[in-house]
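Below, each chain spelled out in residue letters.
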Amino acid sequence: MTPLHAINPRLVVCGAYGYSEGGPYSDWPAYDDLIQGAIGLPWLMTQSGSPEPRYVPTTFADRVTGLNMVHAVMAAVIARYRTGVGQHVEVPMFECLLQFVLGEHLSGETWQPPIAPMGYARMLSANRRPYQTQDGHICALMYNDAHWQAFLKLVDQPDLFQIDPRFATHAERLKHIDALYAFVGEHMRTRTSVEWMKDFTAHDIPVMPMMKLNDLLTDPHLAATQGWLDVPHPFEGLLRQLRPPVRMSDTPTGVWRPAPRLGEHTEEVLSSLKP
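Analysis parameters
- Residues numbered from 1 in each chain as written.
- Predicted model: local features only at pLDDT ≥ 70, side-chain atom pairs only at ≥ 80, totals over all residues.
- Heavy atoms only, no water.
- Helix = DSSP H or I, 4+ residues; strand = E, 2+ residues; numbered from the N terminus.
- Buried < 20%, exposed > 50% of the residue type's maximum accessible area, 1.4 Å probe, protein only.
- Core = buried A, V, L, I, M, F, W, Y, C linked by side-chain atoms within 4.5 Å.
- Contact = heavy atoms within 4.5 Å.
- Pairing = 2+ DSSP bridges.
- Axes fitted to C-alpha atoms, helices over the stretch in contact; angles between N-to-C directions.
- 1 Å grid on protein atoms, 1.4 Å probe; cavity = no way out; pocket = protein on both sides within 12 Å on 5 of 7 lines; lining within 4 Å.
- Points joined across faces, edges and corners; volume = space filled by probe spheres on them.
- Nonpolar A, V, L, I, M, F, W, Y, C, P; charged D, E, K, R; others polar.
- Arc of directions from axis to C-beta.

### Considerations on the environment of glycine 103
Part 1 of the reasoning: Note on placement: glycine 103 falls in helix α5 (residues 93–105).
Part 2 of the reasoning: We classify glycine 103 as exposed; its relative accessible area is 63%.

Written out as structure tokens, the structure is:
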């Protein structure tokens, strides 16, 4: 508990840290790039085909940690309803991101003793990437038996599902995933993106165009669901923002006021903490 709880024991106090308190990294700086390195993301990029280590090109660690903070505070508030008292909540970036990444990549080390090396083969395949077509790229995923059978039919090789053991089961496909993705890639170059989109959609194969950032500004789905908002800001003028992604039937979400300036709401927040 914190000294604030002596004033109001119902407080939920959340602290975001770089690393859990009490460990040798506790006082280390924790920027997004550093946390990505600490959990192995740049190294994972090399395992999946990058010629050199690279960071994920977004503030990945910061945003995932923020989401964990929201969930943790909500859980603490629910606990307060049951017990009548608040608590101190610690949300460390390193451990949050480690959970996020090792959800796939702990793999064989999940069992003790280990039954296989760490790393999820499908995620690490160098050929797991948007497929190049005759005139661009699309994103497609052959995952279950029906997807693979449909794709093999589309490329006039339906018998491969029966005669080539690499295609027979999910487990076998995973063992040979790099070769199978390369096989798909070779065929994808033979038709245009529009042709593949049409064929895949007709055969229930998951597919999506490979968007560029500017494409999102005129995306028809976002237009139909009012995904973009023009929000007036008291200092910056009119700003383009995304509508909050969660839609709630009884308590609608929205953008009610802009992000605060440093210290803008200090007095308002502290005055609300009185018992």
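The discussion continues.
### Quick look at the nonpolar core
Across soluble globular proteins, you tend to see nonpolar side chains buried next to one another.
Part 1 of the reasoning: Grouped together as the largest cluster of nonpolar side chains are 23 residues, with contacts concentrated most on Phe151, Phe167, Val184, Met188 and Phe200.
Part 2 of the reasoning: For this core, the secondary structure elements donating two or more residues are β4 (137–140), α7 (145–154), α8 (160–163), α10 (177–188) and α11 (193–202).
Part 3 of the reasoning: Leave out the neighbours within four places in its chain, and phenylalanine 151 touches Met142, Phe183, Val184, His187, Met188, Trp196, Phe200 and Ile205.
Part 4 of the reasoning: Of all hydrophobic cores here, the second largest spans 17 residues; its members include Leu41, Phe60, Ala61 and Val64.

### Regarding the sheet that holds β4
Part 1 of the reasoning: The three strands are arranged β3-β4-β5 in an open sheet whose pairing can be described as antiparallel. With partners counted over all chains shown, the strands left at the sheet margins are β3 (131–132) and β5 (207–209), one partner each.
Part 2 of the reasoning: Across the sheet, α11 is in contact with β4 and β5; its angle to β4 comes to roughly 20°.

### Structural notes on the layout of surface pockets
Part 1 of the reasoning: By volume, the largest pocket is sized at about 410 Å³.
Part 2 of the reasoning: The set of elements that each furnish at least two residues to the lining of the largest pocket consists of α3 (41–47), α5 and α6 (121–124).
Part 3 of the reasoning: Here the lining of the largest pocket gets four residues from one element, more than from any other, and that element is α5.
Part 4 of the reasoning: In terms of residue class, the lining of the largest pocket is built from nine nonpolar, three polar and two charged.

### Focus on α11
Counting along an α-helix, one turn takes 3.6 residues, and residues three or four places apart therefore face a common direction.
Part 1 of the reasoning: By the burial criterion, the buried members of α11 are Ser193, Trp196 and Phe200. Looking straight down α11, one finds that the buried residues subtend no more than 65° of arc, so they occupy a single side. Across from the buried face of α11, at angles greater than 90 degrees, the exposed residues are Val194, Lys198, Thr201 and Ala202.
Part 2 of the reasoning: Contacts from the buried residues of α11 go to β4, α7, α10 and β5.
Part 3 of the reasoning: Aspartate 204 lies just past α11 and shows a positive phi near 60°.

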